[in-house]
Amino acid sequence: MTEISELSSASTHSRVAKMNGAGNEIVVLDLRGGLSGITAAQARAIHQKRGLAFDQLMVLFDPRRADTAAFVRIYNNDGSEAGACGNGTRCVAYFLMRDGERRDLKLETAAGVLDCRREGEFTFRVDMGEPRLGWSEIPLADPVADTRFTPVRIDHPAAAGLRQASMVNMGNPHAIFWVKDVAAYDLETIGPLFENHPIFPEKANISLAEITARDSMRLRVWERGVGLTKACGSAACAALVAAVREDLADRKALIRLPGGDLTIEWRRQDNRVLMTGPVALENETSLDLS
């Protein structure tokens, strides 16, 4: 593997920052004013660089809209693209706002325009938009009358008792299983089996959620294209929405993930989901994509 200090060269190179959002490993690559895209193979290669391993790679391009700071493409560490990454979006907001007095900005992603606001030096809020709840919006392979109660099973002893999930799309498809103890399941084994279940034509993020109070829950997540992760912002949003739909939680709750806590609110007045949480900058360097 290549040392992070060896990545820069005399040729054209771009700023890159290794960060994390509530433990979610994020790399921010700034290609504004430069390349118009990267390949899946390049994304996988960056993940292999020592010091730059990531769950999600947030690649910044020149804005397409006058009211946004950048257009952002999101790559999982297997090179596939994601529609949304809440923890990564907070990291991008820090990356773009840390040197000035600006407290608000908009970012354009495949999931739409996201409003970001600085709440503290290392705390940011992102408007993740409205949840999509219809079976074809998730999407699922076949019609389901009520996506709160979707039958989905796998033939594996480690998945005993997991027979139905609540489905939510928060820029990515999510399946949430309600359990009494999130630690009681081998998510590393059953996660990929559920992710690739035939009911999910675009695969899915798989969450185990444990309600601890009306305003808090524990969450473990298997991310499609990534694997077992310490945190997933869109999964936290999806879990809160799913809990509210089943009257298991209030509209604002603390979501506790292995890497840290996120505060999620599903506003009644405009149907939008807000995520607030921390970011951390681990290191910075430059990267020669040639």
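Residues numbered from 1 in each chain as written. Predicted model: local features only at pLDDT ≥ 70, side-chain atom pairs only at ≥ 80, totals over all residues. Heavy atoms only, no water.

As for helix 1 (residues 40-48)
Those residues of helix 1 not exposed but buried are Ala 43, Ile 46 and His 47. Along the long axis of helix 1, the arc covered by the buried residues comes to 105°, so they all point the same way. In the core, the buried residues of helix 1 are packed alongside strand 2 (24-30), strand 3 (56-61), strand 4 (70-76) and strand 18 (280-287). (Buried < 20%, exposed > 50% of the residue type's maximum accessible area, 1.4 Å probe, protein only. Helix = DSSP H or I, 4+ residues; strand = E, 2+ residues; numbered from the N terminus. Arc of directions from axis to C-beta. Contact = heavy atoms within 4.5 Å.)

Focus: the packing of aromatic side chains
Throughout the structure, instances matching the rule amount to 3 aromatic pairs. Aromatic pair Tyr 94 and Phe 124: ring centres 6.2 Å apart, planes at 85°, arrangement edge-to-face. Note that Tyr 94 is positioned in helix 2 (residues 86-97) and Phe 124 in strand 8 (residues 123-127), a separation of 30 residues in sequence. When the ring of Phe 177 is compared with that of Phe 194, the centres are 4.7 Å apart and the planes differ by 45°; the resulting orientation is tilted. On the criterion of sequence distance, the pair formed by Phe 177 in strand 11 (residues 173-178) and Phe 194 in helix 3 (residues 187-195) is long-range, its members being 17 residues apart. Judged by relative accessible area, Phe 177 falls into the buried class, the value being 1%. Three or more aromatic residues joined by ring pairs make a cluster, and in this case those are Tyr 94, Phe 122 and Phe 124. The positively charged end of Arg 64 is found above the aromatic ring belonging to Phe 71, 3.6 Å away from the centroid. Positioned above the aromatic ring of Trp 266 is the side chain of Arg 251, whose terminal nitrogen or guanidinium carbon lies 4.5 Å from the ring centre. (Phe/Tyr/Trp six-rings, centres within 6.5 Å; stacked < 30°, edge-to-face > 60°. Lys NZ or Arg CZ within 6 Å of the ring centre and 35° of its normal.)

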